[in-house]
Amino acid sequence: MTDRPVVIRPPETLLEEPGKRLSHGGVLDTPSGLFTVLVLECPSPPAREESVPSWTVYLTEPGTRHAVLALPRAMAAPDHGVHFIACSFGPVPDPTRMLMVVQHRDLPRVRTVDLRTLPSAGHGALSWLATPGALRGTGPEPAHVWHCGLLRTPSLVFTHLEANPSVPDALAAPGWELSPYRSGGRSGPLAADFTPSRLLHGTSTGGDRFSSYDAIFEAPEAAASFTWTCVPLELSTTQSTRG
């Protein structure tokens with residue numbers, strides 16, 4: 001475990017056919033275990049009742065019957081025909097021995113990412129406006145705070161910001177409260193800003209072992225500054241991006 005994400009694989013396209021493309025936005029080894037975000041692009045978005053589809057994503061070691069299931073969190077931008085599925089697997093002792101398997105009823109077949117092999121060169125439809133990194137202070141922190149970078153589709157930008165405790169009960173303090181009824185009108189513990197790009201979707205989740213924030217922004221037309229913020233630890237990182 002490290003205090004910042006390590007890139008196991010860069011973004012790759014898993015499926016491309018007329019009207020449908022499935023990619024992953026990089027496989028990361030993070031303070032909470034392996035993480036990736038799947039991106040399903042469909043020019044004709046599914047009906048609203050299907051806008052948050054049911055995904056099965058897991059890691060397995062070839063030759064065994066054991067699997068490590070992800071906990072997918074699906075977010076949709078229906079007007080853009082894009083779905084983001086954030087997948088957290090938890091700690092994996094040796095990811096270089098694993099396969100990542102993706103299943104969904106709308107895919108023509110099961111898709112597999114072999115983490116034991118090198119990725120195909122130039123086989124990615126997604127790009128990073130900023131690479132994965134960490135928010136760091138000047139001394140030891142009670143939680144590791146990291147982000148998955150800025151993942152860009154042609155029209156959207158996605159980011160995932162997460163804090164994982166490095167000492168017991170670190171996320172039980174009042175500043176980590178996720179309830180919308182926080183006292184004093186205080187903002188959530190984690191935030192992201194991409195001024196002047198418009199925020200389309202922002203969701204906070206958390207528990208004893210993590211606090212996270214997922215956000216979808218419209219892609220900027222010109223150079224812009226993106227800021228990740230952890231309010232309880234007074235940490236903030238700003239990244240300048242191209243349009």
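These figures come from a predicted structure and were not determined experimentally.

Novice: In this structure, what is going on with the sheet that holds strand β17 (residues 190–193)? I would like to understand it.
Specialist: Two orientations exist for strands paired in a sheet by backbone hydrogen bonds: parallel and antiparallel. Pairing is antiparallel in the open sheet, where three strands are placed in the order β17-β20-β21. Strands with a single pairing partner mark the edges of an open sheet, and in this sheet they are β17 and β21 (235–241). Averaged over all pairs of adjacent strands, the angle between their axes in this sheet comes to 10°, without regard to strand direction. As defined by bridge partners, strand β20 (residues 224–230) adjoins β21 across seven bridges and the pair is classed as antiparallel. Pairing of Cys230 across the sheet is with Leu235, part of β21.

Novice: Got a minute to help me understand the sheet that holds strand β6 (residues 56–60) in this structure?
Specialist: One open sheet holds the four strands; their spatial order is β7-β6-β10-β11, and the pairing between them is antiparallel. Strands with a single pairing partner mark the edges of an open sheet, and in this sheet they are β7 (67–69) and β11 (111–114). Neighbour to neighbour, the strand axes of the sheet diverge by 25° on average, direction disregarded. Pairing analysis gives three bridges linking β6 to β7, with the strands arranged antiparallel. Along β7, the bridge assignment pairs Tyr58 with Leu69.

Novice: Quick question: what am I supposed to make of the pattern of salt bridges here?
Specialist: Tallied over the full model, the rule gives seven salt bridges. Residue Arg9 pairs with Glu12 through a salt bridge whose shortest N-O separation is 2.7 Å. Glu12 gets classed as buried once you look at its relative accessible area, which sits at 7%. Here Arg21 makes a salt bridge to Glu16, at a shortest N to O gap of 3.2 Å.

Novice: How do you make sense of the state of the cysteines when you look at a structure like this?
Specialist: Each disulfide consists of a covalent bond between the sulfur atoms of two cysteine residues. Evaluated as defined, the whole model comprises zero disulfides. This cysteine, Cys148, is not joined by any disulfide, and Cys87 carries the nearest cysteine sulfur, 12 Å off. Cys148 gets classed as buried once you look at its relative accessible area, which sits at 3%.

Conventions used here
Residues numbered from 1 in each chain as written. Predicted model: local features only at pLDDT ≥ 70, side-chain atom pairs only at ≥ 80, totals over all residues. Heavy atoms only, no water. Pairing = 2+ DSSP bridges. Helix = DSSP H or I, 4+ residues; strand = E, 2+ residues; numbered from the N terminus. Axes fitted to C-alpha atoms, helices over the stretch in contact; angles between N-to-C directions. Salt bridge = Lys/Arg side-chain N within 4 Å of Asp/Glu carboxyl O. Buried < 20%, exposed > 50% of the residue type's maximum accessible area, 1.4 Å probe, protein only. Disulfide = S-S within 2.5 Å.

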